[in-house]
Amino acid sequence: GLLEGDGGAARLKTTGVEGTISRDVRRTFAQRSFYGEGAKGRDLLADVLVALATASPETGYCQGMNLVVGALLETAARQGALENDDKIILSAVEERRCQRRAFWLCHAIAHGGPK
């Protein structure tokens, strides 16, 4: 994942916060190719949501964060990607950059920006 270096939606636990994130990730923009069944966007999103919940235990994971982070993540991905008929193609380095952008933007929103 974003924190441990290995993660993704398939590795989430089925209970607790990770279970909630797992269920929400499957429902997030499912009609879009970036987040469809088996798409890489699901793994990227799951990693960012787990990282946010872990980094801010006082906030944790809140319903609806998946939509905010999902929109930020897909926007970042589209900016750094080669597009091929609505399919976003990212290198591993660019995937990580997109995750970091979405993480820090959402973290700033949740905590009132830089101090």
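Residues numbered from 1 in each chain as written. Predicted model: local features only at pLDDT ≥ 70, side-chain atom pairs only at ≥ 80, totals over all residues. Heavy atoms only, no water.

**Student:** Now, about helix 3 (residues 65–79): what can you tell me, with residues and values included?
**Tutor:** In this model, helix 3 (15 residues) spans 21 Å end to end at C-alpha, consistent with the 21 Å of a helix rising 1.5 Å per residue. Buried within helix 3 we find Met65, Asn66, Val69, Gly70, Leu73, Glu74, Ala76 and Ala77. Buried positions in helix 3, seen along its axis, are confined to an arc of 160° and lie on one side of it. (Helix = DSSP H or I, 4+ residues; strand = E, 2+ residues; numbered from the N terminus. Expected span 1.5 Å × (residues − 1). Buried < 20%, exposed > 50% of the residue type's maximum accessible area, 1.4 Å probe, protein only. Arc of directions from axis to C-beta.)

**Student:** Would you mind going over the confidence of the model for the protein in detail, with residue names and values included?
**Tutor:** Taken residue by residue, the protein gives an average pLDDT of 83. The fraction at 70 or more is 82%. When the criterion is pLDDT under 50, residues 1–5 qualifies, and its contacts beyond four places in sequence or with other chains add up to 14 contacts. (pLDDT = per-residue confidence, 0-100. Contact = heavy atoms within 4.5 Å.)

**Student:** Can you lay out the pattern of salt bridges for me, pointing to particular residues and giving the numbers?
**Tutor:** Across all of its chains, the model carries 7 salt bridges by this definition. Here aspartate 24 makes a salt bridge to arginine 27, at a shortest N to O gap of 2.4 Å. Residue aspartate 24 and its partner arginine 27 are located together in helix 1 (residues 16–27), separated by 3 residues, close to a single helical turn. When its relative accessible area of 54% is taken as the criterion, arginine 27 is described as exposed. A salt bridge links glutamate 37 to arginine 42, with the shortest nitrogen-to-oxygen separation between them at 3.5 Å. Judged by its relative accessible area of 10%, arginine 42 falls in the buried class. (Salt bridge = Lys/Arg side-chain N within 4 Å of Asp/Glu carboxyl O.)

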